[in-house]
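If you want the building blocks of each chain, they are given just below.
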Amino acid sequence: MSHYDALIVGAGFAGAVTARQLAQAGRRVLVLERRGHIAGNAYDRPDQAGVLIHQYGPHIFHTGDPKVYDYLSRFTSWRDYAHKVVANLPDGRGGRMEFPVPFNLDSLEIAFGPDEGARLGRALLAAYGPERKVTILELRQHPDPDISALAGYVYEHVFVHYTQKQWGAAPEGVDPGTTARVPVFLSRDCRYFQDAYQGMPLEGYTKLFERLLDHPGIELRLNTDARKLLDLSGDSIQFAGQPFSGDVVYTGAVDELFSCRFGRLPYRTLDFQFETHPVDVWQSHGTVNYTVDEPYTRITEFKHLTGQALPGVTTIVKEYARAYTGQPGETPYYAVPSPENNDLYHRYAGLAARFPKLHLLGRLAEYKYYNMDAIVARALALADELLK
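Residues numbered from 1 in each chain as written. Predicted model: local features only at pLDDT ≥ 70, side-chain atom pairs only at ≥ 80, totals over all residues. Heavy atoms only, no water.

1. Concerning the overall build of the chain
Helices and strands together make up the secondary structure of the chain, namely 13 helices and 23 strands. In terms of C-alpha radius of gyration, the chain reaches 23 Å, essentially the compact-globule figure of 21 Å for 388 residues. Seen through its principal axes, the chain has C-alpha atoms that stretch 70 × 50 × 40 Å. Per-residue burial over the chain gives 53% buried out of 388 residues. A fraction of 70% describes how many contacts in the chain between residues 6 or more apart in sequence connect residues 24 or more apart. Counting every atom, the chain has about 17100 Å² of accessible surface; 50% of that belongs to carbon and sulfur. (Helix = DSSP H or I, 4+ residues; strand = E, 2+ residues; numbered from the N terminus. Rg over C-alpha atoms; globule rule 2.2 N^0.38 Å. Buried < 20%, exposed > 50% of the residue type's maximum accessible area, 1.4 Å probe, protein only. Contact = heavy atoms within 4.5 Å. Areas by Shrake-Rupley, 256 points an atom, 1.4 Å probe, with all protein chains shown as cover.)

This is the structure in structure tokens:
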């Protein structure tokens, strides 16, 4: 270990960007990845039918940060893609309907008909103004009976059942920071994101990561569980039985780093059911949310996202959310923030703080929800800090 200046645990965005920045500055970096591949949850690969799939669910790049966009553009060209999502649910007449998500002015007119939808849209615009994103829980509290009734419809048909499937709890039991991410958009902009920079890596995420990690100052070891090699029981960091005085950037679940000493932090995990079908196109949009019925939360069809030209075959994935138990093969995806869980996290963060050169970075290590661009920005900032 005396050959390395830094140890990075995890080869997702947090770890790979930090490693690249340190290596470019002349640091010798060892990256350890527990899985057999790079790119973390953004990993993509061709399946047996030749369809480029996202192994761990859809990843759509979007950001309003030009620094992040310019940085990643060094490692990939982009496919111009604006993600659009629809909800698929019973229409009350024996059929099904689809309308844009987030629920917007177009959704109103599909759900309630053009005349009534337009009238309700005018009421919303008068109450809040155009181009606003108003949370469903906020709408429910509005004194106008039309708006509160509309909120009840959206709550029942878009929010409550989907939230229960996604989080395993009623909306009132979910952290407000999570529910705030589910808005009604007072606009006819049907894009899921409104960021200035949106797109998909032209050759896929894995190719982007290959270029990120392609530096003579980086050594990568796959299929290596750093938690079995790191010893944090004493006053200094030990790695594989040797003292290590360099920086350690850890991007995994922080409770598992300390063998769940205080109990396991709650996470939500996902089960993925991939299906390949002998058709050009399976569904209307890249992602279709099932907000009322069906046990899965959504279906993604990857060819919409990637633009891959592959006639006569397509692959979809259905997502099922459940509690993470830590069993082999499970992946923790989403922290479950609450005052109690946050207190437990801070106990683990306190253990990590005993080591000045141990740095927690990313969704799992910080027990927070981050989009990809936010993780890239945090990794760039941490690398700058370490290089100072």
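2. Brief notes about the pairing of strand β17 (residues 247-250)
Residues D247 and V249 point to one face of β17 and V248 and Y250 to the other, with burial holding for every one of them. Inspection of the sheet shows strand β1 (residues 6-9) paired to β17 by four bridges, in the parallel sense. Note on β17: the bridge partner recorded for V9 is Y250. By the bridge criterion, three bridges tie β17 to strand β23 (residues 358-360) in an arrangement that is parallel. Residue pairing across strands places Y250 opposite L360, the latter belonging to β23. (Pairing = 2+ DSSP bridges.)

3. A closer look at the pairing of strand β18 (residues 267-277)
Pairing analysis gives two bridges linking β18 to strand β22 (residues 334-335), with the strands arranged antiparallel. Its bridge partner being in β22, R268 is matched across the sheet by Y334. Taken together, the ten bridges between β18 and strand β21 (residues 314-323) define a ladder with antiparallel strand orientation. Residue L270 lies in a different strand from β21, and its bridge partner there is A321.

4. Re the side chain of T315
Relative to the elements of secondary structure, T315 occurs in strand β21. Side-chain polar atoms of T315 contact the side chain of T276, separated by 3.0 Å. (Polar contact = N/O pair within 3.5 Å; in protein donor to acceptor, adjacent residues only side chain to side chain.)

5. Comments concerning the nonpolar core
Counting 50 residues, the largest nonpolar core has F13, L72 and F209 as the members making the most contacts within it. The set of elements that each furnish at least two residues to this core consists of β1, α1 (13-24), β2 (29-32), α2 (66-72), α8 (205-212) and α13 (372-387). In terms of residue count, α13 provides more of this core than any other element does, eight residues in total. Counting 35 residues, the second largest nonpolar core, distinct from the first, contains V248, V254, Y348 and A352. (Core = buried A, V, L, I, M, F, W, Y, C linked by side-chain atoms within 4.5 Å.)

6. Thoughts on helix α4 (residues 114-128)
The periodicity of an α-helix, 3.6 residues per turn, causes residues three or four positions apart to be oriented the same way. Across its 15 residues, α4 extends 21 Å between first and last C-alpha, which sits within 8% of the 21 Å expected from 1.5 Å per residue. Along α4, the residues that are buried comprise G117, L120, G121, L124 and Y128. Down the axis of α4, the sector holding all buried residues measures 105°, keeping them to one side. For α4, the exposed residues lying more than 90 degrees away from the buried face are D115, R122 and A126. Turning to α4, the residues buried within the fold contact α3 (105-112), β10 (133-135), α5 (136-140) and α6 (145-167). Phi turns positive one or two residues past the end of α4, at G129, with a value near 90°. (Expected span 1.5 Å × (residues − 1). Arc of directions from axis to C-beta.)

7. Digging into the pattern of salt bridges
All chains considered together, the criterion is met by 19 salt bridges. Measuring nitrogen to oxygen at the nearest pair gives 2.8 Å for the salt bridge that ties R119 to E116. Linking R119 with E116, this pair stays in helix α4, spanning three residues, or about one helical turn. Looking at E116, the relative accessible area reads 31%, which means it is partly exposed. Across the salt bridge formed by R119 and D146, the nearest N and O atoms sit 2.8 Å from each other. Of this pair, R119 sits in helix α4 while D146 sits in helix α6; the two residues are 27 residues apart in sequence, bridging distant segments of the chain. The exposure class assigned to D146 is partly exposed, which follows from its relative accessible area of 31%. Each of the salt bridges in this network shares a partner with another, and the network as a whole consists of D225, R227, E256 and R264. (Salt bridge = Lys/Arg side-chain N within 4 Å of Asp/Glu carboxyl O.)

8. Details of the packing of aromatic side chains
Applying the stated criterion across every chain, the model contains 21 aromatic pairs. Both rings, one in F272 and one in Y333, keep their centres 5.9 Å apart while their planes meet at 90°; by these two values the pair is edge-to-face. Of this pair, F272 sits in strand β18 while Y333 is found in the loop between β21 and β22, placing the two residues 61 residues apart along the sequence. Aromatic side chains Y296 and Y320 sit 5.8 Å apart centroid to centroid with 85° between the ring planes, which places their arrangement in the edge-to-face category. Residue Y296 is found in the loop between β19 (287-289) and β20 (298-301), and its partner Y320 is found in strand β21; the two are separated by 24 residues along the sequence. Residue class for Y296 comes out buried when judged on its relative accessible area of 8%. Taking the relative accessible area as the measure of exposure, Y320 reaches 22% and is therefore partly exposed. It is K133 that lies over the ring of F185; its NZ or CZ is 5.0 Å from the centre. Stacked on the ring of F262, the Lys or Arg R347 has its end atom at 3.9 Å from the ring centre. (Phe/Tyr/Trp six-rings, centres within 6.5 Å; stacked < 30°, edge-to-face > 60°. Lys NZ or Arg CZ within 6 Å of the ring centre and 35° of its normal.)

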